[in-house]
Amino acid sequence: MAIVRKIVTEKLKWIDVTDPSADEMSALASEYNLNEHTVRDCLQPEHLPKYERDEINNVDFLILRFYSFTHQSHISTIQELTDKIAIFSTHDLLITIHKKETPFLEPLAKRYESVQRKISAPGLLSRIIWQALETYDDPANRITEQVDFYEKQVMLKQMDSDITEALYYIKRQAIVSHKVLTLMLEPINHIFIKSREEAPLLQDLKDQHLKMQTVYGQIVEEVNNLLNLSMSFAAQRTNEVMRILTVFSVFFMPLTFIVGVYGMNFLFMPELRQKWGYPAVLLLMLVVAGGIYFWFKKKKWL
């Protein structure tokens, strides 16, 4: 059974509906001349932000998505991070429809229900969207703190698979939030406030949207930089290992060649029967190793 709250002021009638069934939505659509296609859209929980205009009945239809607070870190989809709210709007009517209780609507409802404030439908719509955008603020601060923590770990070269995985999920959450905020620009651009008193509401809304979009865009950029930096450090460690192995191989390749030649034990190798043969070979190996060492030092490879 749907939970319905009705607030009527001098300029506006606001109907807030929580968890309606298909039959209840059909009855609501019949009562207020709502388009059946938009009604169908508002019952789909996975729907992305959008704006539609029903020119026949002069009804604006908007879908918003607000950030759903969660303590889970391994979530990365729009449905996991956000919830939907559908809004039907006319010049004097506002209908908000959502599946779950929406925390930011309750203070607005109490505010306009108790004192009967004078506000138009576009004005209230601007406040609702502003509050929906505000739900992205705390998660952005939390993600920013996490990025700062992992940045320290990366710069201290304390990277491991857990940090890489955490950065991946942070990046996914920021990308999803930025995508939703980008899609919410269309509904915002279709709000028109005629009253001069309420005009600052729309400007505040656009400023809030720009702020959130900029913050999440910056988070994505910072995480990308951290991931690139971590990969650079990993490549640097690999190069250091390869450099050490190369140095060892360069030292021992000529020595191995010399040992291989004198290890063939042919009968007519003259050095094999000389008393000075063994120390001469050792001296030759020492000279070759010393020459390689001083060459590396000259090239500043050591």
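1. Regarding a nonpolar patch on the surface
Moving on, step 1. Taken together, the side chains of Val241, Met242 and Leu245 present a nonpolar region at the surface, about 290 Å² in accessible area.
Moving on, step 2. Looking at where Val241 falls in the secondary structure, it is placed in helix α9 (residues 199-262).
Moving on, step 3. Since its relative accessible area comes to 46%, Val241 is described here as partly exposed.

2. Regarding the nonpolar core
Moving on, step 1. Of all hydrophobic cores here, the largest spans 56 residues; its most connected members are Trp14, Ile128, Ile129, Tyr216 and Ile219.
Moving on, step 2. If you list the elements that add at least two residues to this core, you get β4 (59-67), α3 (78-81), β5 (82-89), α4 (105-115), α5 (121-134), α6 (137-155), α7 (161-183) and α9.
Moving on, step 3. The leading source of residues in this core is α9, at 11 residues.
Moving on, step 4. When near neighbours in sequence (up to four residues on either side) are disregarded, Ile129 contacts Leu62, Leu64, Met184, Ile188, Ile191 and Leu205.
Moving on, step 5. Membership of the second largest hydrophobic core comes to 17 residues, among which are Leu28, Phe61, Ile63 and Ile97.

3. Focus on the packing of aromatic side chains
Moving on, step 1. Counted under the stated rule, the structure contains 10 aromatic pairs.
Moving on, step 2. Between Phe149 and Tyr150, the aromatic rings sit 5.2 Å apart at their centres with planes inclined by 70°, giving edge-to-face as the arrangement.
Moving on, step 3. For Phe149, a relative accessible area of 47% puts it in the partly exposed group.
Moving on, step 4. Tyr150 sits in the buried class, given a relative accessible area of 18%.
Moving on, step 5. Both rings, one in Tyr293 and one in Phe294, keep their centres 5.5 Å apart while their planes meet at 75°; by these two values the pair is edge-to-face.
Moving on, step 6. Here Tyr293 falls in the partly exposed class, since its relative accessible area comes to 36%.
Moving on, step 7. When its relative accessible area of 59% is taken as the criterion, Phe294 is described as exposed.
Moving on, step 8. What links up through ring pairs into an aromatic cluster is the set Tyr67, Tyr136 and Tyr216.

Cut-offs and rules
Residues numbered from 1 in each chain as written. Predicted model: local features only at pLDDT ≥ 70, side-chain atom pairs only at ≥ 80, totals over all residues. Heavy atoms only, no water. Patch = residues over 30% accessible without salt bridge, like charges linked within 9 Å, V, L, I, M, F, W, Y side chains within 5 Å. Areas by Shrake-Rupley, 256 points an atom, 1.4 Å probe, with all protein chains shown as cover. Salt bridge = Lys/Arg side-chain N within 4 Å of Asp/Glu carboxyl O. Helix = DSSP H or I, 4+ residues; strand = E, 2+ residues; numbered from the N terminus. Buried < 20%, exposed > 50% of the residue type's maximum accessible area, 1.4 Å probe, protein only. Core = buried A, V, L, I, M, F, W, Y, C linked by side-chain atoms within 4.5 Å. Contact = heavy atoms within 4.5 Å. Phe/Tyr/Trp six-rings, centres within 6.5 Å; stacked < 30°, edge-to-face > 60°.

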